[in-house]
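Chains, contacts and geometry: an overview
Here is what each chain is made of, one letter per residue.
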Amino acid sequence: MSISNILFDQAKKIIPGGVNSPVRTCSGVGADPLFISHAQGPYIYSEDGHKMVDYVMSWGPMILGHNHPAVNRALHEAVDKGTSYGAPCKPEIDLAGLIVEALPGVDMVRMVNSGTEATMSALRLARGYTGRSLVLKFTGCYHGHVDAFLASAGSGAATLCIPGTPGVPEEVVANTLLADYNNLSQVKALFEKHGRDIAAIFVEPVAGNMGLVLPEKGFLEGLRQLADQSGTLLVFDEVITGFRISYSGAQGYYGIVPDMTCLGKIIGGGLPVGAYGGKKEIMEKIAPCGDVYQAGTLSGNPLAMTAGYHTLKTLQDMDYQLLTDKTEELANNLKKILTDKGVPVQLNTIGSIFTLFFTSEPVRDFTSAKKSNQELFKTFYNQMRDQGIYLAPSGFECAFNSFAHGPEEWEKTLDAARNVRF
Ligand SMILES: *Cc1c(COP(=O)(O)O)cnc(C)c1O
């Protein structure tokens, strides 16, 4: 038995499923999780002593690579000043300043502790600001484990919303409307019927939680237009895309300014952080300047703010276009290797992220994403992992490249792919 297996058995006795977030269990790919001892640059190391090229990168935050020296040094200095004050501190202004400067849709920003907290709070604020109850989201988009967002469509009926998990009462998702990603005519129909009651459209401007799915031309523009016509707030969930697609996020990349933006992952530099921001007029509706309540004991934590600030500061000098080009090259080469083996592959990629779907049809929404053959993915995942390439243990996730990855890691990845037997 491996050390990871021994640790997993111990964990399962005292932690539900042995993990603190479900997808880590690897059960979807018929494997057991590896316990990680440490990480450096583009590599993570398991407790068993395996060194692996990491394409999970903590599910996105580690765009600079693990244990980046500038972030690490700043964190060490911050620790010596005490780890939490529960009072305002300068690092909060430093990080907020960088975010406001970078994102066209953000005049003011409130820090929280996770992406889930960000979307939950943004939803409350959107409802409080507009005085409306309904929220529109897209199937296959993930906005954290907020009750109102854990909804899936009943047999294609876009307006009939059923809870996606036990524990969420029907009444709670009764105010959630669903549409398919990239389907503007469905959104239009919902607006014709409910437009005046919709507080907000929540959307991942580039969807990253059904695998990577790009917005088709006109989709985001159409949402902006419909929101404007109905006095609805357009909320971009940029928890993945913020500082990832470009330094100015998806909103900068596509040139569409949302009313509110949710952030997480990269802005915490590997520490637990989320944030939501938007136009001044909306953000000033939140307590203490407004009457919509939201608070947090550890919000704006000095360690987390420091890690985030130094991550963003370092990113300002990074060549996003180069990383995009390298990611495209890697992903295209992977696609070619698999295609040459007779495996059907669709590649979606933007910036430093990509997903290989094992299907012969283009993937543009949740329905087409689900056509990806998970048996083929399972084979691919396990044989890659055995060869020291660490991918997300689900076919509906993104692979994250980073500024720490280089030709050596990419070559190793391609070599491993060549050896996979389907
Ligand atoms: C990860 C993610 C979240 C949730 O963030 P947590 O920090 O895991 O709560 C929300 N929205 C999107 C788009 C995400 O990818």
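Bear in mind that the values here come from a model prediction, so they are computed numbers and not experimental data.

**Remarks on the side chain of N301**
- Examined against the element boundaries, N301 turns out to sit in the loop between α9 (280–283) and α10 (302–315).
- Within the structure, the side chain of N301 is placed 2.7 Å from the backbone oxygen of T83, a separation counted as a polar contact.
- Ignoring any residue separated from it by four or fewer positions in sequence, one finds N301 in contact with T83 and S84.

**A few points about a negative patch on the surface**
- Together, D319, D325, E328, E329 and E411 line one region of the surface with negative charge.
- Considering every element that reaches the negative patch, the biggest residue donor is helix α11 (residues 320–340), with three residues.
- Looking at the element boundaries, E329 is found in helix α11.

**Examining the domain arrangement of the protein chain**
- Under the domain assignment used here, the protein chain contains domain 1 (3–64 + 319–419) and domain 2 (69–315).
- Computed over C-alpha atoms only, the centres of domain 1 and domain 2 are separated by 25 Å.
- Between domain 1 and domain 2, the buried area comes to about 2,300 Å², and carbon and sulfur atoms account for 66% of it.
- For domain 1, the biggest contributors to the area lost against domain 2 are Y320, I350 and R364; these three give 30% of the whole.
- Our count for the domain 1 to domain 2 interface comes out at one salt bridge.
- When the shortest N-O distance is used, the salt bridge between E216 and R364 registers 2.6 Å.
- The interface formed by domain 1 and domain 2 contains nine residue pairs in polar contact (both at pLDDT 80 or more).

**Comments concerning helix α1 (residues 3–14)**
- Between its first and last C-alpha atoms α1 spans 17 Å; for 12 residues at 1.5 Å apiece the expected length is 16 Å, and the two agree.
- For α1, the complete set of buried residues consists of S4, F8 and A11. The buried residues of α1 occupy an angular sector of 65° when projected down its axis, which confines them to one face. More than 90 degrees from the buried face of α1, the exposed residues found are K13 and I14.

**A short note on the confidence of the model for the protein chain**
- Looking at the protein chain as a whole, its pLDDT mean stands at 95, while 97% of the residues score no less than 70.
- Note on residues 153–160: pLDDT is under 50 here. Beyond four places in sequence and across chains, it has 11 contacts.

**Here's the deal with the site of the ligand**
- If you check the shell around the ligand, you find S114, G115, T116, Y142, H143, G144, E204, N209, D237, V239, I240 and K265 and nothing else.
- T116 places a side-chain nitrogen or oxygen 2.6 Å from an oxygen atom of the ligand.
- Contact between the ligand and D237: a nitrogen atom at 2.7 Å from a side-chain N or O atom of the residue.
- In the complex, the protein chains occlude 83% of the 380 Å² of accessible area that the ligand would expose alone.

**Concerning the sheet that holds strand β9 (residues 198–203)**
- Strands sit in the order β4-β12-β11-β10-β9-β5-β8 across an open sheet of seven strands; the sheet is mixed. Each edge of the open sheet carries a strand with a single partner, namely β4 (108–112) and β8 (176–180). Averaged over all pairs of adjacent strands, the angle between strand axes in this sheet comes to 20°, irrespective of strand direction.

**Observations concerning the packing of helix α13 (residues 374–386) against helix α14 (residues 407–419)**
- The geometry of α13 relative to α14 is characterised by a closest axis approach of 9 Å and an angle of 125° between their N-to-C directions. With respect to their mutual orientation, α13 and α14 come out oblique. As α13 packs across α14, the resulting crossing turns out to be right-handed. Note on element contacts: α14 touches α13 through T413, A416, A417 and N419, opposite F380, Q383 and M384.
- Residues that form the contact of α13 with α14 fall into these classes: four nonpolar, three polar and no charged.

What counts, and where the lines are drawn
- Residues numbered from 1 in each chain as written.
- Predicted model: local features only at pLDDT ≥ 70, side-chain atom pairs only at ≥ 80, totals over all residues.
- Heavy atoms only, no water.
- Helix = DSSP H or I, 4+ residues; strand = E, 2+ residues; numbered from the N terminus.
- Polar contact = N/O pair within 3.5 Å; in protein donor to acceptor, adjacent residues only side chain to side chain.
- Contact = heavy atoms within 4.5 Å.
- Patch = residues over 30% accessible without salt bridge, like charges linked within 9 Å, V, L, I, M, F, W, Y side chains within 5 Å.
- Areas by Shrake-Rupley, 256 points an atom, 1.4 Å probe, with all protein chains shown as cover.
- Salt bridge = Lys/Arg side-chain N within 4 Å of Asp/Glu carboxyl O.
- Lys, Arg positive; Asp, Glu negative; His and termini not counted.
- Charge placed at Lys NZ, Arg CZ, Asp CG, Glu CD.
- Domains from an automatic or database assignment.
- Buried area = accessible area lost by both parts, 1.4 Å probe.
- Expected span 1.5 Å × (residues − 1).
- Buried < 20%, exposed > 50% of the residue type's maximum accessible area, 1.4 Å probe, protein only.
- Arc of directions from axis to C-beta.
- pLDDT = per-residue confidence, 0-100.
- Near = heavy atom within 4 Å.
- Pairing = 2+ DSSP bridges.
- Axes fitted to C-alpha atoms, helices over the stretch in contact; angles between N-to-C directions.
- Parallel < 35°, antiparallel > 145°, perpendicular 65-115°, else oblique.
- Left-handed = near helix turned anticlockwise from the far one by under 90°.
- Nonpolar A, V, L, I, M, F, W, Y, C, P; charged D, E, K, R; others polar.

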